[in-house]
Amino acid sequence: MLVQNPVLEKPLHQSRPSVPTAASQLHVAIICDGNGRWATSRALPRSAGHRAGAEAARRVISSAPHLGIHTLTLFALSSANWARPAAEVAAILQILQEYLLAETSHCLDEGVRLNIIGRRDRLPAALRETIADAETLTANGRKLHLRLAIDYSARHTIFQAATKFYKVTALSSEAFGNILAEVQRGGSTDVDLLIRTGGEQRLSDFLLWECAFAEFCFLPKRWPDFTPKDLRDMIREFEQRERTHGGLPHDCEL
């Protein structure tokens with residue numbers, strides 16, 4: 001049964017930034033980095049940063065469809081994060097559980113299809129059940145495909161896809177991409193724009209295959225401070241870049 005969490009009770013409906021003119025059906029992926037440092041800088045426990053990060057996610061998800069985004073993938077918990085103190089990992093998993101319970105009904109109302117990518121065998125049973133319920137209830141959403149990466153490793157995902165079909169002798173890159181999307185559940189498309197907050201400039205094992213031709217934007221701003229306006233500004237910057245995918249610019253003369 002879905003319950004409303006008082007910490008996460010604000011609705012998805014909020015002020016919406018204007019749509020950039022050229023944005024159209026983008027896949028935007030975000031490495032949501034800096035929650036812990038945000039909290040530490042304010043003399044707060046790191047768990048407070050993760051809760052503030054959940055609020056930032058709410059704001060961004062609400063604004064995404066109005067910015068021409070059809071798929072939004074948020075990196076919530078890396079497989080590498082299991083190396084963190086057990087108490088912090090437990091807090092993150094609890095916040096994710098609360099978030100899904102609070103937000104699934106909003107996703108349903110807003111036409112948002114929710115999928116979780118990453119391993120599930122190491123997640124608590126209650127969280128796995130909540131994930132399954134959320135995915136089933138929102139399966140018909142068409143306004144936005146929201147993907148949360150939980151216990152996610154791109155290398156592990158690629159390895160899963162490869163080993164699942166290792167006996168196939170004639171496998172094209174396109175076919176392998178389809179296999180990878182199947183393994184991740186809910187399908188996937190190439191990433192157009194990859195954003196990382198928190199000041200670091202690396203992929204950290206996130207969507208390695210799908211980001212082959214993505215444009216990257218790195219911000220020093222930490223994730224809890226990220227706003228829909230920041231997302232709009234990143235999309236506007238993306239629009240100014242010429243994407244050749246290995247070819248030549250349209251105005252290039254030989």
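Calculation notes
Residues numbered from 1 in each chain as written. Predicted model: local features only at pLDDT ≥ 70, side-chain atom pairs only at ≥ 80, totals over all residues. Heavy atoms only, no water. Helix = DSSP H or I, 4+ residues; strand = E, 2+ residues; numbered from the N terminus. Buried < 20%, exposed > 50% of the residue type's maximum accessible area, 1.4 Å probe, protein only. Contact = heavy atoms within 4.5 Å. Areas by Shrake-Rupley, 256 points an atom, 1.4 Å probe, with all protein chains shown as cover. Salt bridge = Lys/Arg side-chain N within 4 Å of Asp/Glu carboxyl O. Pairing = 2+ DSSP bridges. Axes fitted to C-alpha atoms, helices over the stretch in contact; angles between N-to-C directions. Core = buried A, V, L, I, M, F, W, Y, C linked by side-chain atoms within 4.5 Å.

A separate point is the overall build of the protein. Across its full length, the protein carries 7 helices and 6 strands. Secondary structure elements of the protein, listed N to C terminal, follow the sequence β-α-α-β-α-β-α-β-α-α-β-β-α. Counting all 254 residues of the protein, 49% fall into the buried class. At a minimum sequence separation of 6, the contacts of the protein that also span at least 24 residues come to 78%. Accessible surface, the protein: about 12500 Å² in total, of which carbon and sulfur atoms supply 53%.

A few words now on the pattern of salt bridges. For the structure on display, the rule yields 18 salt bridges. In this structure, the salt-bridge partner of D121 is R119, at a minimum N-O distance of 2.6 Å. R119 gets classed as partly exposed once you look at its relative accessible area, which sits at 24%. One salt bridge in this structure joins K229 and D233, with 3.0 Å as the shortest N-O distance. Taken as a pair, K229 and D233 lie in helix α7 (residues 228-240) at a separation of 4 residues, close to a single helical turn. We classify D233 as partly exposed; its relative accessible area is 23%. Because the salt bridges share partners, they merge into one network encompassing D33, R37 and R196.

This part covers the sheet that holds strand β3 (residues 112-117). Reading across from one edge, β3-β4-β2-β1-β5-β6 is the order of the 6 strands in this open sheet, with parallel pairing throughout. Because the sheet does not close on itself, it has two edges, and the strands there are β3 and β6 (215-218). Taking the axes of each pair of neighbouring strands and ignoring which way they run, one obtains an average angle of 20 degrees across the sheet. Where strand β1 (residues 26-31) lies against strand β5 (residues 193-196), 4 bridges are found, and the strand directions are parallel. Bridge pairing links V28 to L193 in β5.

This paragraph deals with the nonpolar core. Counting residues in hydrophobic clusters, the biggest one holds 44 residues, and the most contacted among them are I30, L72, L146 and I195. Among the elements that make up this core, the one with the highest residue count is helix α3 (residues 86-110) (8 residues). Sequence-distant contacts of L146, that is, excluding residues within four places in its chain, are made with I61, L72, L74, C107, V112, R113, L114 and N115. Within the second largest apolar cluster, 13 residues are counted, among which are A29, V191, L207 and C211.

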